[in-house]
Amino acid sequence: MNKTISIIGSGFSSLSAACYLAKEGYNVSIFEKNKTVGGRARQLIKDGFTFDIGPSWYWMPDIFEKFFNDFNKSTSDYYVLDKLSPAYKIFFSDDVITIGDHMDQICEEFERIESGSSKPLRKFIAQAQDHYNIAINKVVLKPGISPLELVTKDTITRVDRFFKTISTEVRKKFKNPKLISTLEFPVLFLGAKPSQTPSFYSFMNFADFGLGTWHPKGGMYEIIKAMRSLAESLGVTIHTNSTVEKINVENGKTTGITVNGKFVASDVVLSGADYHHSETLLDKNYRQYSEAYWDKRTFAPSSLLFYVGFNKKLNDIEHHNLFFDTDFEKHAEDIYDNPKWPENPLFYVNFPSVTDKSMAPEGCETGFFLIPIAPGLEDTAELRTQYFDIIINRFESLTNQKVKDNILFKESFCVKDFISEYNSYKGNAYGMANTLRQTAFLRPNLKSKKVDGLYFTGQLTVPGPGVPPSLISGKLVSELIHKKNV
Ligand SMILES: Cc1cc2nc3c(=O)[nH]c(=O)nc-3n(C[C@H](O)[C@H](O)[C@H](O)COP(=O)(O)OP(=O)(O)OC[C@H]3O[C@@H](n4cnc5c(N)ncnc54)[C@H](O)[C@@H]3O)c2cc1C
């Protein structure tokens, strides 16, 4: 009889693993505590406005394509992808930088800001492409079991790039602070400060300038719908409103899970829920990592988010807008070095309705505002209001328009919600940062060292945070499971 696999959670990594495992012939069931699937990528639909609750940047389209190709499908079988042009806009206190959708336009913009900067930019992006080819096509496809995975001809000949940081590299080549912030922005997706991130990780700059920013028509939730449809077509059963309360273990081997008070027998248990939470579902003697271990890790930021419906179209905005008119370094210190609410936060605003009419009612705008903050901060209604006022005032002044009286509704989401909705450790938004000390085999394992038949996937394990890495994480863990069970 085919083996039974129970998967905890229905985020990108769980859905990815479910598809690969079902394709191998296992009986796969997903158990999700919330009423809809998608994990951090859920959707809010209100009064004709559609919001992606979590991820909004569709980067690395090659990884999404490869995922669907593994099932003889293509992204175009499920959703329509548009390349955004421009990709995004960055507002500084005295200027606005627009990032076009190909290198020639981006070079022109760099020259406008710093004469002669397009030459080092092309060199930097060519090196970033080399890093991308090695990192994304080779290194991240390893399961993080042994340090030797990182020792290859490609990495040894570039070893210096693991010990220099992105910050040093960028500052060597560019002097203008606006260009420096522009080039440091992509590595924020990895969850750590650019001054703590190895220059090898400039592959994110190639993802940005080289591969471009895309948008699935209807929003990021279209990817979740596509993966759900693929999983179900392969025979996966999905249970929502199903909280897993315990991972059951007998004599060092998992026997199943307890869901809403009922035991579900399983040969293999795979958790795609936040790793720290997953381990709390085990008796203490079966946990691999102590509270002290988790406390010492560098976590990616949490976020204060607002989902806002505007009753008019707004001026001078793009689909993606970064507001870098305050001190980048100071905000990063408030997240990583001395966690506290930032005095002058940087923020990001997404208006998907600028390029996709389906996201808002006619003549209206769907706005998603995000302030990155340290995980674990105090989260109160007063603080949320105070910070909304700060950013909406700055938004009005930087885009030269009044919008406060045009707000139909606003909903917020912050640390407390990350904890209650996703069981997220300290309310992190996107997992554990990818620093040199938290890379590959130095991240929490895909396979439990203490419980036979128990596996983990998702943004706290290998390869790391973000939607594309979560898809890869699901593939890597399914390969480990299959290898052990064939
Ligand atoms: C605000 C925000 C913006 C982001 N922006 C981007 C972006 O633009 N681009 C990008 O690539 N990435 C982005 N990310 C990161 C990306 O969304 C995540 O890395 C990815 O979605 C993580 O997927 P996952 O499978 O690891 O886990 P999750 O999405 O966290 O899924 C875990 C699931 O497990 C469920 N669960 C937890 N406990 C239990 C339990 N006991 N029983 C049953 N179910 C349980 C949870 O409800 C959840 O559904 C963003 C994240 C956030 C929050």
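Residues numbered from 1 in each chain as written. Predicted model: local features only at pLDDT ≥ 70, side-chain atom pairs only at ≥ 80, totals over all residues. Heavy atoms only, no water.

## Points about the site of the ligand
Logical step 1: Taken together, 37 residues sit near the ligand, with Ser13, Glu32, Arg40, Trp57 and Gln459 positioned nearest.
Logical step 2: Backbone polar atom of Val244 to a nitrogen atom of the ligand: 2.9 Å apart, as the coordinates give it.
Logical step 3: Across the complex, the protein chains shield 96% of the 1,000 Å² of accessible surface that the ligand would expose by itself.
Logical step 4: Listed by contribution, the elements that provide at least two residues to the shell around the ligand are α1 (12-23), α15 (415-422) and α16 (467-485).
Logical step 5: Residue composition of the shell around the ligand, grouped by class: 16 nonpolar, 17 polar and four charged. (Near = heavy atom within 4 Å. Polar contact = N/O pair within 3.5 Å; in protein donor to acceptor, adjacent residues only side chain to side chain. Areas by Shrake-Rupley, 256 points an atom, 1.4 Å probe, with all protein chains shown as cover. Helix = DSSP H or I, 4+ residues; strand = E, 2+ residues; numbered from the N terminus. Nonpolar A, V, L, I, M, F, W, Y, C, P; charged D, E, K, R; others polar.)

## Some thoughts on the sheet that holds strand β7 (residues 96-99)
Logical step 1: Read across the sheet, seven strands follow the order β7-β6-β15-β16-β17-β14-β18 without closing on themselves; strand pairing throughout is mixed. For this open sheet the edge positions go to β7 and β18 (407-413), each flanked by a neighbour on one side alone. Across this sheet, the average inter-strand angle for adjacent strands is 20°, counted without regard to direction.
Logical step 2: With three bridges joining them, strand β6 (residues 88-91) and strand β15 (residues 320-323) adopt parallel strand pairing. In the sheet register, Phe91 faces β15, and the bridge partner there is Phe323. (Pairing = 2+ DSSP bridges. Axes fitted to C-alpha atoms, helices over the stretch in contact; angles between N-to-C directions.)

## Description of the layout of surface pockets
Logical step 1: A volume near 630 Å³ is recorded for the largest pocket.
Logical step 2: Along the walls of the largest pocket sit 27 residues, with Lys296, Arg297, Thr298, Thr435 and Gln438 positioned nearest its centre.
Logical step 3: Contributing elements (two or more residues each) for the lining of the largest pocket: α6 (160-163), α12 (291-296) and α13 (328-336).
Logical step 4: Looking at side-chain class alone, the lining of the largest pocket contains 12 nonpolar, seven polar and eight charged residues.
Logical step 5: Of the domains in this structure, domain 1 (4-38 + 57-71 + 218-296 + 433-485) and domain 2 (104-211) are the two that each give at least three residues to the lining of the largest pocket. (1 Å grid on protein atoms, 1.4 Å probe; cavity = no way out; pocket = protein on both sides within 12 Å on 5 of 7 lines; lining within 4 Å. Points joined across faces, edges and corners; volume = space filled by probe spheres on them. Domains from an automatic or database assignment.)

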